[in-house]
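# Working through the structure, step by step
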Amino acid sequence: MNQLDRFDWAILNELQMDGRLTNAELAQRVGLSAAPCWRRVRALEESGYITGYHATLDRHKLGLGVLAFVRVDAAQNTADITLRMEEAIRLLPEVTSCHYISGAGTFELQVVARDLESFSSFVRNVLLHLPNVKDVHTIFSLGEVKSSSSLPLPNTLTHT
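These notes cover the structure that comes with them. Residue numbers restart at each chain and count upward from 1, following the sequence in its written direction. Side-chain atom pairs in this predicted model are given and counted only at pLDDT of 80 or more, local residue features only at pLDDT of at least 70, and totals for whole chains, interfaces and linings cover all residues. Computation of side-chain values covers all heavy atoms of the structure but excludes hydrogens and water.

So, on to the sheet that holds strand β3 (residues 107–113). Sheet strands line up and pair through hydrogen bonds in the backbone, either parallel or antiparallel. Note on pairing: DSSP must find at least two bridges between two strands before they are called paired. Think of it this way: any DSSP run of H or I at least four residues long counts as a helix, any run of E at least two long counts as a strand, and we number them from the N terminus. Overall, antiparallel pairing links the 4 strands, which are arranged β2-β3-β1-β4 in an open sheet. Two strands bound the open sheet, and with one partner strand each, they are β2 (95–100) and β4 (133–140). Put simply, the sheet's adjacent strands are angled 20 degrees from each other on average, direction ignored. Contacts from helix α4 (residues 79–90) reach β1 (66–74), β2, β3 and β4, with the element oriented near 20 degrees to β3. Note on geometry: axes are C-alpha line fits, over the in-contact stretch for helices, and angles between N-to-C directions span 0 to 180 degrees. Contacts are residue-level and defined by heavy atoms, with any inter-residue pair within 4.5 Å sufficient.

Quick look at the structure:
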């Protein structure tokens, strides 16, 4: 798939809002019959536009009351050492996202924990023991205003 048309964009938009739609429901919403809709979804998956389907969980109901943003500073920034840090971070279930950042610091992590005590233990016993960690700086979320994994698609953008 080299270029997406309006049906492809509509399919992507509908599926990111509700990944549990049946093919018949999806086809109806985007204005296609079932077979062409199914073929387009398969093509979007095979082309890598759709990378998976996920359930969104409520972290509070799961007992994960702390959300923190943690900047991890590396002692050295060489390719080999940075790759080892990345590999170690990927293995940590408490880290829900990680970004290699510009400016001060090396990585920005989003971390969840049950409470402040378990977060503190995670930092002391896990993060500070990762390869090449020089320092960590934490900012705690006091409340979520918006939390979404949806991407802004052309028909959802407010500014063009």
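Put simply, buried Ala, Val, Leu, Ile, Met, Phe, Trp, Tyr and Cys residues joined by side-chain atoms within 4.5 Å make one nonpolar core. Whether a residue is buried, partly exposed or exposed follows from its accessible area with a 1.4 Å probe, protein chains only, as a fraction of its type maximum: under 20%, in between, or over 50%, in that order. Counting 21 residues, the largest nonpolar core has V70, V72, L109, F119 and L127 as the members making the most contacts within it. Secondary structure elements with two or more residues in this core: β1, α4, β3, α5 (116–125) and β4. In terms of residue count, the dominant contributor to this core is β1 (5 residues). Other than its neighbours up to four places away in sequence, L109 contacts A68, F69, V70, V72, I89, V95, S97, C98 and L127. Listed in part, the 16 residues of the second largest apolar core include L4, L26, C37 and V41.

The next thing to look at is the packing of aromatic side chains. Geometry of aromatic contacts follows a simple scheme: Phe, Tyr and Trp rings, the Trp one being its six-membered ring, pair when their centres are within 6.5 Å, and the pair is stacked under 30 degrees between planes, edge-to-face over 60, tilted otherwise. Counted under the stated rule, the structure contains 2 aromatic pairs. With centroids separated by 5.4 Å and ring planes inclined at 50 degrees, the aromatic side chains of Y100 and F107 adopt a geometry described as tilted. Ring centres 5.2 Å apart and planes at 75 degrees place the aromatic pair F119 and F140 in the edge-to-face group. Here F140 lies in strand β4 and F119 lies in helix α5, a separation of 21 residues in the sequence. Given a relative accessible area of 5%, F119 falls into the buried group. In this structure F140 comes out as partly exposed when scored by relative accessible area, which is 37%. Here the basic side chain of R6 rests over the ring of F7, its NZ or CZ set 4.2 Å away from the ring centre. A ring has a charge above it when a Lys NZ or an Arg CZ is no more than 6 Å from the ring centre and no more than 35 degrees off the ring normal.

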